[in-house]
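Chain residues, written in single-letter form:
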Amino acid sequence: MSADAKSVGQVVDALGPVLGLAIDAEMKPHVVTHLEIAFKMATLLADFTPAGGSADHMEPASIYSLGGQTHGV
Amino acid sequence: MASDPNLMSAHAIATSVKSGSLSARQVVDAALARISHLNGKVGAFTQVTADRARAAADAVDAKRQSGGTLGALAGVPFAVKNLFDLKGVVTLAGSKINADNAPASEDGPLVQRLEASGAICLGALNMGEYAYDFTGENCHHGNSKNPHDLSHMTGGSSGGSGAAVAAGFVPLALASDTNGSIRVPASFCGLFGLKPTYGRLSRAGSFPFVTSFDHLGPLGRSALDLSLAYDSMQGPDAHDPMHTPRSVEPTLPGLDLGLSGLRIAKAGGYFAKGAEPVAYAAIDRVAKALGASASVDLPETPRARAAAYLITMAEGASLHHERLRARPKDFDPEVRDRLIAGAMVPADFVVQAHKFRRWYRDQVLRLFETTDIILAPTTPCRAPGSGQKTMIFDGVEMLARPNLGIYTQPISFVGLPVVSVPIWTEGDHLPIGVQVIAAPWREDLALRVAHWLETHGVAKANVATL
């Protein structure tokens, strides 16, 4: 996964209008910085495989499991 | 007993009001006078509901005079982060945009429950815009300022809540904590702060941020006060779909049980590096007092923090997407630009983050099979100066606003209950917090340890001299 400022800037330029978000020249560098951070964070998760398991079979924690009764998440 | 009610604990106020040595009206008038005199310096309140407070105080006093039974928080002033609904008050959530909304038609359930226990609401408190903040700074309503040193941050996003309690305006405040917004102000303002288990207290009647992580809870100047408030707020509420159907589990009866039988360990790995020495000095002091020599590793915590970060970005952006389209210039730019970036986070990242959340939760729960309490820093440093944009963590300069909660975020990610306790090191004028973390639904243990630390002189919360 590549997340240099230039390629992230291209993502911002492309998605902003599609999402209906007006991103002016003053805002763009900050948006790019924050999206770059997100890409870096995502690289930490992309290669995670649980020991002895398979990433294909990982289940999300449902926020509606209301683990209420047990775990809360 | 202190003669100035503004310096008293919630417990002491309620005791005095019940005995008749102090009237609720005296307590409320003293608090309103202090707020009127000092709020301009501190920036804690965005709206004071003085008439409502005086009427409620008079009702408490009338009830006592007629022989009625007073609640556990009789006559105790409190205030709420301005994302809680207060009848007749616009729920700002720290924003300019929400100021155009109609006032709330009723109080949120936690406000109602505190008032049912005799507590008296004094108004709404400042916060970081839409709770996406760890600094307590707000470009619309002014920054909340740290009462222990007005040139420093309160921490956020519940900055007004931290400021109000540390300034002696109220002994209790309600706040929210998505990634650390109760615990960071507790650390910087020198307070006790309780983030209960995810799902424990109803979030109905509050403005959301990230529903996967949003928690509500109290800030106070003692663990006993937190226990009184927390016990008053427990109980079923069908209006929050994430709220637990568990019955009320009071913490007050066990508060004085001490440390006997508790297995306490320090968090190692991720939590044991990167912070300033003062954070580790505080942990060592607490661990030594508790006799905690063991250490446990919460596995893969950098990934946990990354997952929490991504879910927050995406859910926050989703919540605010229409406002970002329609009124981008009415946001705090520092919040808006993060939310816009969040709108562009690929769904793949978010799904991965939720999958990881489940795995991480299971690993962390295993630790509690052999440990009752885990200690970790609340913040990597004491309160930075107001307006400080960056911080140094582990030798790397990074943005302060998203990263002051670097140690709180992985804990709320899996919904564990935490009490942040305030630690003062000799010669320092600003405190720092230590997280006392328990297994899900064991708020009683976290409060019990916090209370022990307080009663043994290790943790202490003061009203600031202003």
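Residues numbered from 1 in each chain as written. Chains lettered and ligands numbered in written order. Predicted model: local features only at pLDDT ≥ 70, side-chain atom pairs only at ≥ 80, totals over all residues. Heavy atoms only, no water.

### A short note on the sheet that holds strand E12 (residues 418–423) of chain B
Residues and elements named next belong to chain B.
Thought 1: The strand order E1-E3-E2-E4-E6-E5-E12-E13-E9-E7-E8 describes an open sheet built from eleven strands, whose pairing is mixed. Unpaired on one side and paired on the other, strand E1 (45–48) and strand E8 (294–296) mark the two borders of the sheet. On average, each strand axis in the sheet is inclined to that of its neighbour by 30°, with strand direction left out of account.
Thought 2: Inspection of the sheet shows strand E5 (residues 192–195) paired to strand E6 (residues 215–220) by two bridges, in the antiparallel sense. From the neighbouring strand, phenylalanine 192 faces E6, where its bridge partner is glycine 220.
Thought 3: In the packing of helix H3 (residues 50–65) onto the sheet, the strands contacted are E1 and strand E3 (120–125), and the crossing angle to E3 comes to about 160°. (Pairing = 2+ DSSP bridges. Helix = DSSP H or I, 4+ residues; strand = E, 2+ residues; numbered from the N terminus. Axes fitted to C-alpha atoms, helices over the stretch in contact; angles between N-to-C directions. Contact = heavy atoms within 4.5 Å.)

### Thoughts on the nonpolar core
Thought 1: Within the largest apolar cluster, 182 residues are counted, with the highest numbers of intra-cluster contacts made by B:Leu298, B:Leu375, B:Phe413, B:Val421 and B:Leu453.
Thought 2: Ignoring sequence-local partners within four residues, the contact set of B:Leu375 consists of B:Ile264, B:Ala265, B:Lys266, B:Ala267, B:Ile283, B:Val286, B:Ala287, B:Leu290, B:Ala292, B:Gln435 and B:Val436. (Core = buried A, V, L, I, M, F, W, Y, C linked by side-chain atoms within 4.5 Å. Buried < 20%, exposed > 50% of the residue type's maximum accessible area, 1.4 Å probe, protein only.)

### Observations regarding the interface of chain A and chain B
Thought 1: The partner chain B presents 48 residues to the 39 residues of chain A that form the contact.
Thought 2: Linking chain A to chain B there are two salt bridges.
Thought 3: Across the chain A-chain B interface, the total number found is five residue pairs in polar contact (both at pLDDT 80 or more).
Thought 4: Looking at the side of chain A that touches chain B, the elements with two or more residues in it are helix H1 (5–18) and helix H2 (28–46) of chain A. (Salt bridge = Lys/Arg side-chain N within 4 Å of Asp/Glu carboxyl O. Polar contact = N/O pair within 3.5 Å; in protein donor to acceptor, adjacent residues only side chain to side chain.)

### Notes on the environment of B:Gly142
Residues and elements named next belong to chain B.
Thought 1: With respect to the helices, strands and loops of the structure, glycine 142 is situated in the loop between E3 and helix H5 (159–166).
Thought 2: The exposure class assigned to glycine 142 is partly exposed, which follows from its relative accessible area of 29%.
Thought 3: Separated by 14 residues in the primary sequence, glycine 142 and glycine 128 have C-alpha atoms spaced 9.7 Å apart.

### Description of the packing of H1(A) against H2(A)
Residue and element names in this part refer to chain A.
Thought 1: At their nearest, the axes of H1 and H2 sit 9 Å apart, and the two run at 115° to each other. Comparing the axis directions of H1 and H2 gives the class roughly perpendicular. You can see that H1 and H2 cross each other, and the crossing is right-handed. Where H1 approaches H2, its residues Ala5, Val8, Gly9, Val11, Val12 and Asp13 are matched on the opposing element by Lys28, Val31, Val32, Leu35 and Glu36.
Thought 2: Tallied by class, the residues present in the contact of H1 with H2 amount to seven nonpolar, one polar and three charged. (Parallel < 35°, antiparallel > 145°, perpendicular 65-115°, else oblique. Left-handed = near helix turned anticlockwise from the far one by under 90°. Nonpolar A, V, L, I, M, F, W, Y, C, P; charged D, E, K, R; others polar.)

### Focus on helix H10 (residues 333–343) of chain B
All names here are of chain B.
Thought 1: By the criterion of burial, H10 is predominantly enclosed, with nine of the eleven residues buried.
Thought 2: Within the sequence span of H10, burial applies to Val335, Arg336, Asp337, Arg338, Leu339, Ile340, Ala341, Gly342 and Ala343.
Thought 3: Where H10 begins, one side-chain oxygen reaches toward the backbone nitrogen of glutamate 334, 2.9 Å away; that side chain belongs to aspartate 332.

### Things to note about the packing of aromatic side chains
Thought 1: Counted under the stated rule, the structure contains 15 aromatic pairs over all chains.
Thought 2: Judged by centre distance (6.2 Å) and plane angle (45°), the ring pair of B:Phe45 and B:Phe169 falls under tilted. You can see B:Phe45 sitting in strand E1 and its partner B:Phe169 sitting in the loop between H5 and strand E4 (172–177), a full 124 residues away along the chain. Assigned by exposure class, B:Phe45 and B:Phe169 land together as buried.
Thought 3: Between the aromatic rings of B:Phe356 and B:Trp359, the centroid separation amounts to 5.4 Å while the plane-to-plane angle is 35°, which identifies the pairing as tilted. Placement of the pair is B:Phe356 and B:Trp359 together in helix H11 (residues 347–367), with a separation of three residues, close to one helical turn.
Thought 4: On the basis of relative accessibility, which here comes to 1%, the residue B:Phe356 falls in the buried class.
Thought 5: When its relative accessible area of 17% is taken as the criterion, B:Trp359 is described as buried.
Thought 6: Aromatic rings pair up to connect A:Phe48, B:Phe213, B:Phe356, B:Trp359, B:Tyr360 and B:Phe413 into one cluster. (Phe/Tyr/Trp six-rings, centres within 6.5 Å; stacked < 30°, edge-to-face > 60°.)

### Regarding the confidence of the model for chain A
Thought 1: For chain A, mean pLDDT is 83; residues scoring 70 or higher make up 79% of the total.
Thought 2: Contacts of residues 66–73 of chain A to residues separated by more than four positions or lying in other chains number 30 contacts, the stretch itself having pLDDT below 50. (pLDDT = per-residue confidence, 0-100.)

### Things to note about the pattern of salt bridges
All names here are of chain B.
Thought 1: Inspection of every chain in the model, using the stated rule, returns 30 salt bridges over all chains.
Thought 2: Arginine 327 is the salt-bridge partner of aspartate 330, the closest N and O atoms lying 2.8 Å from each other.
Thought 3: Judged by its relative accessible area of 16%, aspartate 330 is buried.
Thought 4: Note on arginine 327: relative accessible area 25%, which makes it partly exposed.
Thought 5: Put simply, Arg25, Asp29, Asp51, Arg54 and Asp58 are held in one network by salt bridges that share partners.

### Comments concerning unusual backbone geometry
Residue and element names in this part refer to chain B.
Thought 1: Cis geometry marks the peptide bond from glycine 156 to serine 157; its omega dihedral reads 10°.
Thought 2: The residue serine 157 is located in the loop between E3 and H5 in this model.
Thought 3: Not every positive phi belongs to a glycine, and tyrosine 130 is a case in point at roughly 50°.
Thought 4: For tyrosine 130, a relative accessible area of 1% translates into the label buried.
Thought 5: Despite not being glycine, tryptophan 441 has its phi angle at roughly 70°, a positive value.
Thought 6: Relative to the helices and strands, tryptophan 441 is located in the loop between strand E13 (432–438) and helix H14 (443–455).

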